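Read off the chains here:
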Amino acid sequence: MAKRLNNVLRALWRVIRELSGDDGYERYLAHHAAAHPGTRPLEREAWFARQQQQKWAGVKRCC
Amino acid sequence: MKTSVSSILIWLIVALLGASAIGGIALHRGESVNALWFVAAALCVYALAYRFYAAWIAAIVLTTDSTRATPAERLNNGRDYIPTHRWIVFGHHFAAIAGPGPLVGPTLAAQFGYLPGTLWILFGAVLGGCVQDMLILFFSMRRDGKSLGQMARDELGAIGGVAALVATFLIMIILIAVLGLVVVNAMKHSPWATSTVAATIPIAMLVGLYMHKLRPGQVLEGSALGVILLLLAVAGGCWLDGQAGLRELFDHPGLPLAFAVIGYGFAAAILPVWLLLAPRDYLSTFIKLGTVIVLSLSIVWLRPDIRMPALTQFIDGSGPIFGGALFPFVFITIACGAISGFHSLIASGTTPKLLSNERDIRMIGYGGMALESLVAIMAMIAATVLDPGVYFAINSPAGIVGKTAAEAVATISAWGFPVTVEQMNLLAQQMGEATLFARTGGAPSLAVGMASIFGSAFGQGMLALWYHFAIMFEAIFILTTLDAGTRVGRFMLQDMLGNLWPAMGRTSWYPSVLLSSGIVVAAWGYFLYIGVIDPNGGVNILWPLFGISNQILAAIALCVATGILVKSGKLKYAWITALPLVWLVIITTTASWQKLASSDPRIGFLAAANSLSGKLAAGALPPDKAAVAPQLIFNQQLDAVLVLFFVALLWLIVGDMLRVCYRHLRGKPVPPLSEVPHYPTRLEESWQRD
């Protein structure tokens, strides 16, 4: 029972992290390792700046 | 899907429950009706429409193919094309489409009574808005995530592309102006509200610094910090309101507040996104989702009674909040929540690049809009649980009901909605405001409604805190829309100017950034300024203009969808978009015609301009009104030109769509379908569907 609850809470936490973009850098590193092996990925700060800049270049929010 | 006896039985029960809930709220007269019936009716309608209509569209009309690779899979670059789990995409999509529109529109439309708005929100959504969102999402997904403007250009021709671009730009300007006006009206002469809203700016910047410099990318930590600070700012506003000497710093009439909002909009447009826009958006998304969930649960838990009658006498067009009869103005006033053209920009923007399976478009496109429609139903409930007398006293401008409290309650009580000065004073005192008379724009009355619902759920002692929390909640995401909209407007303008002078098209060239941001801010700032100096409140002019422009954008999206359906040989199913399109063309054309030609100065722009210039010439205006009259007259004439332009744009693109369809059906050459060919998916089904 406690184990099940633990699993549910962990899954919920993963969803919250993914929805908010909190795990974005980890996802970027995983993608980078798979798609461009052998090259250096961006540092955390540079990655976040690029990601924010790109996110707000188009229509992102509605009335 | 297999049909079993039990599933038939369940859906039969849902249909019966839905039909009796709608019948109940539609035919109910006399005693008050319970809000739970609204929720039941809404949930049943969405469930039935989702299970049958949306499933039929996905399977038969669009023939979605789950073996086909989506653009997110084929073009996966880890940046904007990323295959994402459908619940995550749903969350992103819903957070993007649900803004302040579905809260304000139903609040204003409640002047007709609860019934017309509620029915339009329900049926407009399942037959119009949800279909639009789902089809544009599908067509954009099949075209590697192309924007609505690009699809209009590729599928219909250059005229369609230009029309979509111009309509998007103009709707953005009017949207920002009207939302700015809503915030200004909520802050007018309220030190508590003003200081809380002002505090959101440094809080957002602090969160921005935290996420960017201190702990880069730690979105949840930064947001949690920001949300706590925002709640403290609501409480801090209460303390500040009690400090003589300090409170005067935040006690302002509309005009200085409007200039502050304009200055803020310009600063937000030129500052780096990480400093203000991005952190503000994280905060507003969390606050927005949290508040909507708590409001929905409170309504279900408390089951408040609706006090507003089903229909009021104002369906004849004499309403105090905005002029114009039930048809067509209820359909114009409630755009977001029923059908919103703006969604087609989101559905052809980020969302199609995240889908990992074609099947998900039903849940995300159709389901996302159904959820927004439910938010609009909640706003309708929050507006109609108020005493109708109180509702009209808050929302009617002084220019209509009279300047003093005694005049206002006399006028409103004479309409058959009894209210007293004492009642309004007590309410204002409970909410921690100096007055609640003539607080137009929808935000204060929604906040009173929400505060009374939250107050009943969590204790009446905190009404003033709840009220200002609700004001902060509305202001924070209105300001996010204002920032983001100004920025998008700037990019569009830079793109357009870049055709004339290439240097202007460079989005990071500072002179171009300053100039184009300045032009966009000046454009919406003008309408905001006029709205603030207008003694009738400005919302009554700007909101219908916004509704018309948003519906015209929806009509453009439906034209693109209808054109693609016909060109794909699905003429016999084209009615799914053609019927909502015909309805939008009827209501926007009728509304535009009335706004242009009506002889009633409360409806017709030209009649209002003529009536005002007549009074000005005869010297019948008091000096303060005579001083602003020339500007108001010019604005009414400008609005008339704008409406004429909108409707011309609409007919142009409808004509263009019909031309393309006609040529296709006669076997003449038309722009070819720009759909990307079929590639089989390689994504593992087990990874996809857990």
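Scroll up a little and you will see the structure.
Along each chain, residues carry numbers from 1 onward, in the same order as the chain's sequence is written. Key to labels: chains lettered from A, ligands numbered from 1, both in the order written. Restriction of local features to residues with pLDDT of at least 70 applies here, the model being predicted, together with a cutoff of 80 or more for giving and counting side-chain atom pairs; totals for whole chains, interfaces and linings are based on all residues. Note: side-chain values were computed over all heavy atoms of the structure, leaving out hydrogens and water.

> Any chance you could explain the overall build of chain B here in plain terms?
Runs of H or I in DSSP of at least four residues are treated as helices and runs of E of at least two as strands, each being numbered from the N terminus. From N to C terminus, chain B includes 27 helices and 2 strands. Since a compact globule built from 690 residues should have a radius of gyration of about 26 Å, the 25 Å found for chain B is in line with a globular shape. Seen through its principal axes, chain B has C-alpha atoms that stretch 70 × 65 × 60 Å. Throughout, a contact is declared for two residues whenever any of their heavy atoms are within 4.5 Å. Considering only intrachain contacts with a sequence separation of at least 6, the fraction spanning at least 24 residues in chain B is 83%. A total of about 24900 Å² of accessible surface is found on chain B, and carbon and sulfur atoms cover 69% of it. Only the C-alpha atoms count toward the radius of gyration. The rule for a globule is 2.2 Å times the residue count to the power 0.38. Each accessible area is a Shrake-Rupley estimate made with a 1.4 Å probe; only the visible protein chains count as cover when residues are assessed.

> Quick question: what am I supposed to make of the packing of helix α2 (residues 24–35) of chain A against helix α3 (residues 44–55) of chain A here?
Between two packed helices, the angle of one axis relative to the other and the distance separating the axes together describe the packing. All names here are of chain A. Geometry is summarised by axes, namely lines fitted to C-alpha atoms with helices restricted to the contacting stretch, and by angles between N-to-C directions that run from 0 to 180 degrees. Here α2 crosses α3 at 100°, and the two axes come no closer than 11 Å. Comparing the axis directions of α2 and α3 gives the class roughly perpendicular. Facing Gly24, Tyr25, Glu26 and Tyr28 of α2, the residues of α3 in contact are Arg44, Trp47 and Arg50. As a working rule, the residues Ala, Val, Leu, Ile, Met, Phe, Trp, Tyr, Cys and Pro are called nonpolar, Asp, Glu, Lys and Arg charged, and the rest polar, with Gly in that last group. Looking at the contact of α2 with α3, its residues break down into 3 nonpolar, 1 polar and 3 charged. Each angle is binned into one of four classes, with values under 35 degrees roughly parallel, values over 145 roughly antiparallel, values of 65 to 115 roughly perpendicular, and all other values oblique.

> Looking at this model, I keep getting lost on the interface of chain A and chain B. Mind explaining?
Many descriptions give the size of an interface as the accessible area lost when the pieces come together. Taken together, the 27 residues of chain A in the interface contact 47 residues of chain B. Of the roughly 3300 Å² buried between chain A and chain B on both sides combined, carbon and sulfur atoms contribute 60%. Defined in terms of a 1.4 Å probe, buried area is the accessible area two parts forfeit on being brought together, summed over both. Three residues, Trp56(A), Arg61(A) and Cys63(A), lead the burial of chain A against chain B; their summed loss comes to 24% of the area buried on that side. One side-chain nitrogen of Lys or Arg within 4 Å of one carboxyl oxygen of Asp or Glu is enough to make a salt bridge. Run the count over chain A and chain B and you get 2 salt bridges. Note that Glu45(A) is salt-bridged to Lys213(B), the shortest N-O span being 3.3 Å. Polar contacts, as counted here, are pairs of nitrogen or oxygen atoms within 3.5 Å of one another; within protein the pair requires one atom able to donate a hydrogen and one able to accept it, and residues that are adjacent in sequence qualify only if both atoms are side-chain atoms. Our count for the chain A to chain B interface comes out at 11 residue pairs in polar contact (both at pLDDT 80 or more).

> I keep staring at the environment of Ile471(B) and nothing clicks. Help me out?
Residues and elements named next belong to chain B. Looking at the secondary structure, you find Ile471 in helix α21 (residues 463–500). Between the alpha carbons of Ile471 and Ser7 there is a distance of 44 Å; along the sequence they are 464 residues apart. Those residues in contact with Ile471, other than ones at most four positions away along the chain, are Ala186, Ala193, Ala443, Pro444 and Ala447.

> Help me understand helix α15 (residues 361–384) of chain B in this model?
For an α-helix, 3.6 residues make a turn, and residues three or four places apart therefore share a direction. Residue and element names in this part refer to chain B. By this rule, a helix spans an expected 1.5 Å times one less than how many residues it contains. The terminal C-alpha atoms of α15, which comprises 24 residues, lie 34 Å apart, in line with the 34 Å expected from a rise of 1.5 Å per residue. In α15, a bend of some 30° at Gly367 exceeds every other bend along the element. Of all 24 residues in α15, 22 are buried, a share of seventy percent or more. A residue's bend is simply the angle between two axes: one fitted to the seven residues ending at it, one to the seven starting at it. Note on exposure labels: buried denotes an accessible area under 20% of the residue type's maximum, exposed denotes more than 50%, and partly exposed covers the range between, all computed with a 1.4 Å probe on protein chains only.

> Can you help me understand the side chain of Ser396(B) in this one?
Residues and elements named next belong to chain B. Structurally, the position occupied by Ser396 is in the loop between α16 (388–395) and α17 (398–401). Among the polar contacts made by the side chain of Ser396, one reaches the main-chain carbonyl oxygen of Phe392 at a distance of 2.6 Å. Excluding anything up to four places from it in sequence, Ser396 contacts Pro320, Val401, Trp415, Ala438 and Thr440.

> Would you take a moment to explain the pattern of salt bridges for this structure?
A side chain of one charge can pair with a side chain of the opposite charge when the charged atoms of the two come close. Residue and element names in this part refer to chain B. The tally for this structure, following the rule as stated, stands at 21 salt bridges over all chains. Arg68 is the partner of Glu358 in a salt bridge, and the nearest nitrogen-oxygen pair spans 3.6 Å. Placement of Glu358 in the loop between α14 (343–347) and α15 and of Arg68 in the loop between α2 (35–61) and α3 (71–74) is noted, with a sequence separation of 290 residues between them. For the pair Glu358 and Arg68, one class covers both residues: buried.

> So what exactly am I meant to see when it comes to a nonpolar patch on the surface here?
Nonpolar side chains (Val, Leu, Ile, Met, Phe, Trp, Tyr) within 5 Å and like charges within 9 Å form the patches, drawn only from residues with over 30% relative accessible area and no salt bridge. Side chains of Leu5(A), Leu9(A), Leu12(A), Trp13(A) and Ile16(A) sit close together on the surface and give an oily, nonpolar patch of about 510 Å² of accessible area. Within the secondary structure layout, Leu12(A) lies in helix α1 (residues 2–20).

> Would you mind showing me how to read the side chain of Thr440(B) here?
Residues and elements named next belong to chain B. In this structure, Thr440 sits in the loop between α19 (421–431) and α20 (443–458). Judged by relative accessible area, which is 9%, Thr440 ranks as buried. A polar side-chain atom of Thr440 sits 3.2 Å from a polar atom in the side chain of Asn185. If we ignore the near neighbours within four places in the chain, the residues touching Thr440 are Asn185, Ile394, Asn395, Ser396, Pro397 and Gly537.

> Hey, could you run me through unusual backbone geometry in this one?
Working note: non-glycine residues mostly have negative phi, and peptide bonds are mostly trans. Residues and elements named next belong to chain B. A cis geometry characterises the amide bond from Phe327 onward to Pro328, with omega recorded as 5°. Here Pro328 shows up in helix α13 (residues 326–333). Of note in this structure, Asp144 is not a glycine but carries a positive phi near 60°.

> How do you make sense of the packing of aromatic side chains when you look at a structure like this?
All names here are of chain B. Each aromatic pair joins two rings of Phe, Tyr and Trp (for Trp, the six-membered one) with centres within 6.5 Å, and gets the label stacked for planes under 30 degrees apart, edge-to-face for over 60, and tilted for any other angle. For the structure shown, the criterion picks out 33 aromatic pairs over all chains. Taken together, a centroid distance of 6.3 Å and an interplanar angle of 10° make the contact between Tyr53 and Trp56 stacked. Of this pair, Tyr53 and Trp56 both sit in helix α2, 3 residues apart, roughly one helical turn. Assessed through its relative accessible area of 28%, Trp56 is described here as partly exposed. Of the aromatic side chains, those joined through ring pairs into one cluster are Phe314, Tyr391, Phe392, Trp415 and Phe417.

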